[in-house]
Amino acid sequence: MPDWSAYRGVLVYIEHREGIAKKVGWQLLGQGKRLADKLEVEVMALVIGHNVGQLAEEAITYGADRVFLVDAPELKDYRTYPYSRASMKVIHEVKPEIVLFGATATGRDLAGAIATHLPTGLTADTTELDVEPHPSRLLQASRPAFSEKMMATILCKQYRPQMATARAGVFEALPKDPSRKGEIVQIDFQIQESEIAAKVLDFIQDQSKINLEEAEIIVAGGRGLGGPEPFKMLQELADALGGVVGASRAAVDAGWIKHEHQVGQTGYTVRPKLYFAIGISGAVQHTVGMQNSDLIIAINRDPDAPIFKVAHYGIVGDLFQIVPAITEEVRSRKGASFLSNSSNSSAANEEGGVRV
Ligand SMILES: Cc1cc2nc3c(=O)[nH]c(=O)nc-3n(C[C@H](O)[C@H](O)[C@H](O)COP(=O)(O)OP(=O)(O)OC[C@H]3O[C@@H](n4cnc5c(N)ncnc54)[C@H](O)[C@@H]3O)c2cc1C
């Protein structure tokens, strides 16, 4: 194997939209720190944009030892050319051994552009990241392959840095700690607007599209709902809680709700504060996408449903009676206060259900 001793440390790209970071960046900093600890190196963050100094400071509160900040007017909006050039400048100067990106549309575009130019190896859409300790220091980047039928663990032995994009919701962010100390390194980056072929005329947010990955509360329904109509009932509960509606693949395949709501192996991996699994049996392909949620409440009439194995609270009963009762209770307690008072987290049980 070539001598890669000049390459040390784990670098995480912090994606943002107009200065607001996507959660996946903080989640990857958390995982980056776990890898860095094993390798006995530092975890670093890469922040690119315009007037985004506050993001660099935020990256430190989420665990970064050092943050490389590339701030220029031409970097205001994401565009492949200037962002990939800025990233490559940092990578050439810093020489990290591992670089991680969120597997978002932007992260995939940026990581692909960088990897082909450096050139180096890139594993896309990983769901597990580990490292072999010194001396090999190889990143073990794992992802589902062959229509999800197997897990492939991919190594990059001949090139550095080792790069991967990773799914949102799989890894856990470190708790935000404002007292954490770190260093911010400004990187000088010059580019002429005339060098950049792409122009951003406008950014139009698709209001109709839900954002499961960023949602803090998800109310998900499955085949137990029996049709598309009852999803309105779930939407009412989600609205009362300030959350969004999720679904199992069975519900999506039946055409009751769009794929963008699907949670699981072939849908989104989510990590909300609260996840309701309603009329969902808890097949492993579903639970891999939601089992890391902070609090899981399952509602199912079958006491032996596997979903109760991953649920923190369970209600055995008919969802058509239980869900409207919870919605009413939440409304009467004015939404979010229901959540902030953890001693009341068994409120669902008051509806006559059974705690399992
Ligand atoms: C390669 C592959 C990838 C897959 N990817 C995904 C994925 O990404 N996401 C996913 O979800 N699945 C996925 N699946 C499918 C998965 O295996 C299950 O088939 C699916 O999750 C089942 O959905 P469900 O729980 O809604 O339905 P079911 O398994 O049919 O469960 C319905 C549940 O509702 C309960 N119920 C019925 N009526 C009521 C009522 N009135 N009140 C209360 N409870 C009631 C029942 O007791 C039952 O437990 C995948 C499968 C494969 C092979």
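Being a predicted model, the structure only gives us computed values, none of them experimental.

(A) Structural view of the side chain of Gln-162. Looking at the secondary structure, you find Gln-162 in strand S11 (residues 162-166). For Gln-162, a relative accessible area of 1% translates into the label buried. Here the side chain of Gln-162 touches Leu-139 through a polar contact of 2.6 Å, landing on its backbone nitrogen. The residues contacting Gln-162, other than those within four sequence positions of it, are Glu-97, Ile-98, Val-99, Gly-121, Arg-137, Leu-138, Leu-139 and Cys-156.

(B) Focus on unusual backbone geometry. Omega for the peptide link from Leu-118 to Pro-119 comes to -15°, which places this bond in the cis form. Mapped onto the fold, Pro-119 is located in the loop between helix H4 (105-117) and strand S7 (122-126). In this structure, the amide linkage connecting Arg-160 to the following residue, Pro-161, adopts the cis form with an omega of -5°. Mapped onto the elements, Pro-161 comes out in the loop between strand S10 (150-154) and S11. Of note in this structure, Glu-18 is not a glycine but carries a positive phi near 50°. If you trace the backbone, Glu-18 turns up in the loop between strand S2 (16-17) and strand S3 (20-21).

(C) Geometry of the packing of aromatic side chains. Within the structure shown, the criterion is met by four aromatic pairs. For the pair Trp-4 and Tyr-7, a centre-to-centre distance of 5.7 Å together with 85° between the ring planes defines the contact as edge-to-face. Consider the rings of Tyr-78 and Tyr-83, whose centres lie 5.0 Å apart with planes at 70°: the pair is edge-to-face. Given the relative accessible area of 2%, Tyr-83 is considered buried.

(D) Structural context of the side chain of Ser-293. Tracing the chain through its elements places Ser-293 in the loop between helix H7 (284-287) and strand S16 (295-300). Residue Ser-293 is classed as buried on the basis of its relative accessible area, which comes to 4%. Polar contacts involving the side chain of Ser-293 include one to the main-chain carbonyl oxygen of Met-290, which spans 2.6 Å. If we ignore the near neighbours within four places in the chain, the residues touching Ser-293 are Val-270, Arg-271, Pro-272, Tyr-275 and His-312.

(E) Seen up close, the pattern of salt bridges. Under the defined criterion, the tally for this structure stands at 17 salt bridges. For the salt bridge of Lys-176 with Glu-58, the shortest nitrogen-to-oxygen distance reads 3.3 Å. Taken as a pair, Lys-176 in the loop between S11 and strand S12 (183-186) and Glu-58 in helix H2 (residues 53-61) lie far apart in primary sequence, 118 residues in all. For Lys-176, a relative accessible area of 45% gives the class partly exposed. A single salt-bridge network, built from bridges that share partners, covers Arg-79, Glu-193 and Lys-199.

Calculation notes
- Residues numbered from 1 in each chain as written.
- Predicted model: local features only at pLDDT ≥ 70, side-chain atom pairs only at ≥ 80, totals over all residues.
- Heavy atoms only, no water.
- Helix = DSSP H or I, 4+ residues; strand = E, 2+ residues; numbered from the N terminus.
- Buried < 20%, exposed > 50% of the residue type's maximum accessible area, 1.4 Å probe, protein only.
- Polar contact = N/O pair within 3.5 Å; in protein donor to acceptor, adjacent residues only side chain to side chain.
- Contact = heavy atoms within 4.5 Å.
- Phe/Tyr/Trp six-rings, centres within 6.5 Å; stacked < 30°, edge-to-face > 60°.
- Salt bridge = Lys/Arg side-chain N within 4 Å of Asp/Glu carboxyl O.

Taken by themselves, the reported measurements are silent on function.
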